[in-house]
Amino acid sequence: MSSQTDKFRKTFKENIDSHLTDLFEFLKFQSISADPAFEKDVLDCADWVEKFLKDSALKVERWETSGYPVIFAEYDGAGPDKPTLMIYNHYDVQPVDPLELWESPPFEPVVRDGEVYSRGATDNKGQAFFVFAAIKELLKANGELPVNLKLFIEGEEESGSGSMDEILESKKDRLKSDYVLIVDVGIHGMDRPSVIVGTRGIITMELTLRGSNADLHSGVFGGLAYNPNHALVEILSAMRNEKGEIQIPGFYDGVESLSEDEKELVSFDFNPEEFKSLLGLECTGGERNFQPLESAWLRPTLEINGISGGYSGEGFKTVIPAEAVAKISCRLSPGQKVKDIKKKIEDFVSERTPEGITSELLVFGGSGEAARTSPKSRIVELCQQSVAEVFDKDCRIVMEGASIPVGPSLTSAAGGELAFLGFILPGDQMHAPNEHFGVERLEIGFATIARLLELLGEQS
Ligand code: BES
Ligand code: MN
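A short tour of the structure in this document, coming up. The model shown is predicted, which means the values in this text are computed figures rather than measured ones.

**Comments concerning the packing of helix H1 (residues 3-14) against helix H15 (residues 439-457)**
The angle between the axes and the distance between the axes are what describe a pair of packed helices.
Part 1 of the reasoning: One way to put it is that H1 packs onto H15 with a least axis distance of 9 Å and a crossing angle of 130 degrees. The pairing of H1 with H15 is recorded here as oblique in orientation. Where H1 crosses over H15, the handedness of that crossing is right-handed. From H1, Gln 4, Thr 5, Lys 7, Phe 8, Arg 9, Thr 11, Phe 12 and Lys 13 reach across to H15, where they touch Val 439, Glu 440, Leu 442, Glu 443, Ile 444, Phe 446, Ala 447, Ala 450, Arg 451 and Glu 454.
Part 2 of the reasoning: A class-by-class count of the residues in the contact of H1 with H15 yields eight nonpolar, three polar and seven charged.

Here you go:
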């Protein structure tokens, strides 16, 4: 372990009890942004973030939106000759269901075997917390930071960041930064630390097919009515062929890969056995002509996330439902535009909707495009260096198939260079029951951020 980062790890360890007390306070808010029933909890959580950052001696503002507020904190004490780094995190979390599978209640954090268990422990409060803690401790110890800093902490990420566009527009002048660091990603293992240079975009939709204006008896009306469930599966199955290729005309238009140069710098190493033993997963879902990690990072997808219509309770019911609904999402590659993909799917659906059925495609707010950074950029190099020092191992460059919808627009508002950093592990049960994040990773995150600020401060 390098002595440069050892000192930071030591500082964290010395104050571990107060850090865990603070983190637990943060985790206890039921800040589920997708469910309006938790509005007060999300707002209380925003208050907590605001206060915590104010107590750290940052200049803090609360930016109201038509959804949940952004907490924006600033430090400009390093002066105009030093770069400005913007760090992004989110204080909202995913819903907790199925509740019965949690071994301890989701909003009563506990440490078991060195892991903090709680909704949000890994995504993203644990990772936001090590950022806040590093800044607070550095300011406390030195009275100053080596770089200028902006923190952009939002409360809508898990429901698609729907009102971020308005903020990015109205606060454009305040967001200018040389570098943007999104601390909401992971590594593939503790022995394989990495920095991330790309996320996919996302578009989420709901397709509703309607037949009659009420559910029908399938004996009386079977043979007369076009069953919306059938229309739905016909349309859905036409969307993808057996080779894993999406059949929406023009879906792949403009998809950008990586240059050969860039591919050399990104690590595509993949061990299918690991996924098999961890998740019981066979990696057979991608397009046949692509390697697994090309499919997961560089290629777009279309997934059916849920289907409902008719009766699926106990026993049996002879029904032809009035409507059938599917939730569908696409992961997008650079070069694909949300609006354009939406139009192509709409056209595909309306062309295939049979006579006697009407279709409606709703696109949820907060879709976002893919983000990509050059693996050669300065911020990536500096992240690599700090991660490598903390882990005492080489730091790879990889990509992420998941999405942080606001990433590309936040980066263009900032006008800076983007990188993604974070220490979520594949086994953290992110978005699932028993989500957890290691205490050791809090320390690692703390030290990495502290070291990165130091390295950035040495830049001119
Ligand atoms: N933190 C995740 C993204 C992520 C997942 C990074 C796995 C690294 C590894 C983020 O909070 C997330 O879940 N994003 C959603 C966005 C959606 C709800 C609009 C996603 O990708 O599905
Ligand atoms: Mn997240």
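Picking up after the structure, the text goes on.
**What to know about the coordination of the manganese ion (ligand 2)**
Part 1 of the reasoning: Around the manganese ion (ligand 2), the protein contributes the donor atoms His 90 (NE2), Asp 123 (OD), Asp 184 (OD) and Asp 184 (OD), which lie 1.8 to 2.5 Å from the metal centre.
Part 2 of the reasoning: Between the six donor atoms coordinating the manganese ion (ligand 2), the angles at the centre fall across 51 to 157 degrees, so the site counts as irregular.
Part 3 of the reasoning: Written as a sequence motif, the donor residues of the manganese ion (ligand 2) are H-x32-D-x60-D. On the criterion of sequence distance, the pair formed by Asp 123 in the loop between strand S5 (115-117) and helix H4 (125-142) and Asp 184 in the loop between strand S7 (179-182) and strand S8 (194-196) is long-range, its members being 61 residues apart.
Part 4 of the reasoning: Residue classification places Asp 123 among the buried residues on the basis of a relative accessible area of 5%.
Part 5 of the reasoning: Residue classification places Asp 184 among the buried positions, given a relative accessible area of 7%.

**What about the site of ligand 1?**
Part 1 of the reasoning: Within the structure, ligand 1 sits among 15 residues, and Glu 157, Asp 184, Arg 331, Ser 403 and His 431 are positioned closest to it.
Part 2 of the reasoning: The contact in question runs from a nitrogen atom of ligand 1 to an N or O atom on the backbone of Ser 403, over 2.9 Å.
Part 3 of the reasoning: Separating an oxygen atom of ligand 1 from a side-chain N or O atom of His 431 is a distance of 2.9 Å.
Part 4 of the reasoning: Contact with the protein chains covers 88% of the free accessible surface of ligand 1, which is 520 Å².
Part 5 of the reasoning: Along the lines of polarity and charge, the residues of the shell around ligand 1 split into four nonpolar, five polar and six charged.

**Details of the pattern of salt bridges**
Part 1 of the reasoning: According to the stated counting rule, one finds 36 salt bridges in the structure shown.
Part 2 of the reasoning: Linking Asp 269 and Arg 396 is a salt bridge whose minimum nitrogen-to-oxygen distance equals 3.4 Å. Of this pair, Asp 269 sits in the loop between helix H9 (260-265) and helix H10 (272-279) while Arg 396 sits in strand S17 (residues 396-398); the two residues are 127 residues apart in sequence, bridging distant segments of the chain.
Part 3 of the reasoning: Looking at Arg 396, the relative accessible area reads 30%, which means it is partly exposed.
Part 4 of the reasoning: In the salt-bridge network here, residues are joined through shared partners; they are Asp 47, Glu 50, Lys 54, Arg 62 and Glu 64.

**As for the packing of aromatic side chains**
Part 1 of the reasoning: Inspection of every chain in the model, using the stated rule, returns 15 aromatic pairs.
Part 2 of the reasoning: Residues Trp 63 and Phe 152 carry aromatic rings whose centres are separated by 6.5 Å and whose planes lie at 70 degrees to one another, so their mutual orientation is edge-to-face. Of this pair, Trp 63 sits in strand S1 (residues 59-63) while Phe 152 sits in strand S6 (residues 148-154); the two residues are 89 residues apart in sequence, bridging distant segments of the chain.
Part 3 of the reasoning: Considering the side-chain rings of Phe 251 and Tyr 252, the 5.3 Å spacing of their centres and the 90 degrees angle between planes classify their relative orientation as edge-to-face.
Part 4 of the reasoning: With relative accessibility at 22%, the residue Tyr 252 sits in the partly exposed group.
Part 5 of the reasoning: Taken together, the aromatic side chains of Phe 26, Trp 48, Phe 52, Phe 129 and Phe 132 make up a single cluster linked through ring pairs.
Part 6 of the reasoning: In this structure, Arg 112 is placed above the aromatic ring of Tyr 117, and the distance from its NZ or CZ to the ring centre is 4.0 Å.
Part 7 of the reasoning: The ring of Phe 437 has Arg 441 lying over it, and the distance from NZ or CZ to the ring centre is 4.4 Å.

Rules used throughout
Residues numbered from 1 in each chain as written. Chains lettered and ligands numbered in written order. Predicted model: local features only at pLDDT ≥ 70, side-chain atom pairs only at ≥ 80, totals over all residues. Heavy atoms only, no water. Axes fitted to C-alpha atoms, helices over the stretch in contact; angles between N-to-C directions. Helix = DSSP H or I, 4+ residues; strand = E, 2+ residues; numbered from the N terminus. Parallel < 35°, antiparallel > 145°, perpendicular 65-115°, else oblique. Left-handed = near helix turned anticlockwise from the far one by under 90°. Contact = heavy atoms within 4.5 Å. Nonpolar A, V, L, I, M, F, W, Y, C, P; charged D, E, K, R; others polar. Donors = N, O, S within 2.8 Å, 3.2 Å for Na, K, Ca; no water. Tetrahedral: all angles 85-135°; square planar, octahedral: opposite > 155°, others 65-115°. Buried < 20%, exposed > 50% of the residue type's maximum accessible area, 1.4 Å probe, protein only. Near = heavy atom within 4 Å. Polar contact = N/O pair within 3.5 Å; in protein donor to acceptor, adjacent residues only side chain to side chain. Areas by Shrake-Rupley, 256 points an atom, 1.4 Å probe, with all protein chains shown as cover. Salt bridge = Lys/Arg side-chain N within 4 Å of Asp/Glu carboxyl O. Phe/Tyr/Trp six-rings, centres within 6.5 Å; stacked < 30°, edge-to-face > 60°. Lys NZ or Arg CZ within 6 Å of the ring centre and 35° of its normal.

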